[in-house]
Amino acid sequence: MSAAQELSGLPDVITVEELIRWRVREEVARHNALAGSRTTVVAVSATEREFNAQGTQRTVKGPGPESWEKQAGAAVKGFERNAFFVLVDDRQLCSLTDQIDVSKATEATFIKLVPLVGG
């Protein structure tokens, strides 16, 4: 579970897609600021997981920072595939174009869906 993040510097109304991109940009910025172990905010492909044998996240050993644009694109596609959903003040938002009144919203929650093993 991750710590709460403050929404600041955003317009009064944003779409779900803009919220996802904002969240990913912030997480990637924190990730890139860390020295040492780096893990992506978006799960890598099964082929890459098998290759790296690191589970659902990979360790980056190169000097280059993650691209937030690439990660945000993957997150948006994940939302479209129902890999996770977004709640804003306990209301599920189902479309990337759903609008959020940032001045009135008090909490946004991202819930990742994980397939059950054997079921």
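Residues numbered from 1 in each chain as written. Predicted model: local features only at pLDDT ≥ 70, side-chain atom pairs only at ≥ 80, totals over all residues. Heavy atoms only, no water.

Caption draft 1: Quick peek at the packing of aromatic side chains. Under the criterion given, the structure shown has two aromatic pairs. Between Phe-84 and Phe-110, the ring centres sit 6.2 Å apart and the planes meet at 35°, which makes this aromatic pair tilted. Of this pair, Phe-84 sits in strand 2 (residues 84-88) while Phe-110 is found in strand 5 (residues 108-112), placing the two residues 26 residues apart along the sequence. Taking relative accessible area as the criterion, Phe-84 reaches 14% and is therefore assigned buried. Counting every residue linked through ring pairs, the aromatic cluster contains Phe-79, Phe-84 and Phe-110. The ring of Phe-110 has Arg-23 sitting right over it, with the charged end atom 4.6 Å from the ring centre. A cation over an aromatic ring shows up here: Arg-25 above the ring of Trp-68, its NZ or CZ 5.9 Å from the ring centre. (Phe/Tyr/Trp six-rings, centres within 6.5 Å; stacked < 30°, edge-to-face > 60°. Helix = DSSP H or I, 4+ residues; strand = E, 2+ residues; numbered from the N terminus. Buried < 20%, exposed > 50% of the residue type's maximum accessible area, 1.4 Å probe, protein only. Lys NZ or Arg CZ within 6 Å of the ring centre and 35° of its normal.)

Caption draft 2: Broad picture of helix 1 (residues 16-33). Between its first and last C-alpha, helix 1 extends 26 Å over 18 residues, near the 26 Å set by a 1.5 Å rise per residue. By the burial criterion, the buried members of helix 1 are Val-16, Leu-19, Ile-20, Trp-22, Arg-23, Val-24, Glu-27, Val-28 and His-31. Buried residues along helix 1 sit in contact with strand 1 (13-15), helix 3 (68-80), strand 2, strand 3 (91-93), strand 4 (99-101) and strand 5. (Expected span 1.5 Å × (residues − 1). Contact = heavy atoms within 4.5 Å.)

Caption draft 3: Expanded view of the sheet that holds strand 3. As summarised here, the arrangement of the three strands in space is 3-2-5, forming an open sheet in which the pairing is antiparallel. Only two strands of the sheet have a single neighbouring strand rather than two, namely strand 3 and strand 5. Taken pair by pair, the neighbouring strands of this sheet meet at an average axis angle of 35°, ignoring direction. As judged from the five bridges shared by strand 2 and strand 5, these two strands associate in the antiparallel manner. Note that in strand 5 the partner of Val-86 across the bridge is Phe-110. (Pairing = 2+ DSSP bridges. Axes fitted to C-alpha atoms, helices over the stretch in contact; angles between N-to-C directions.)

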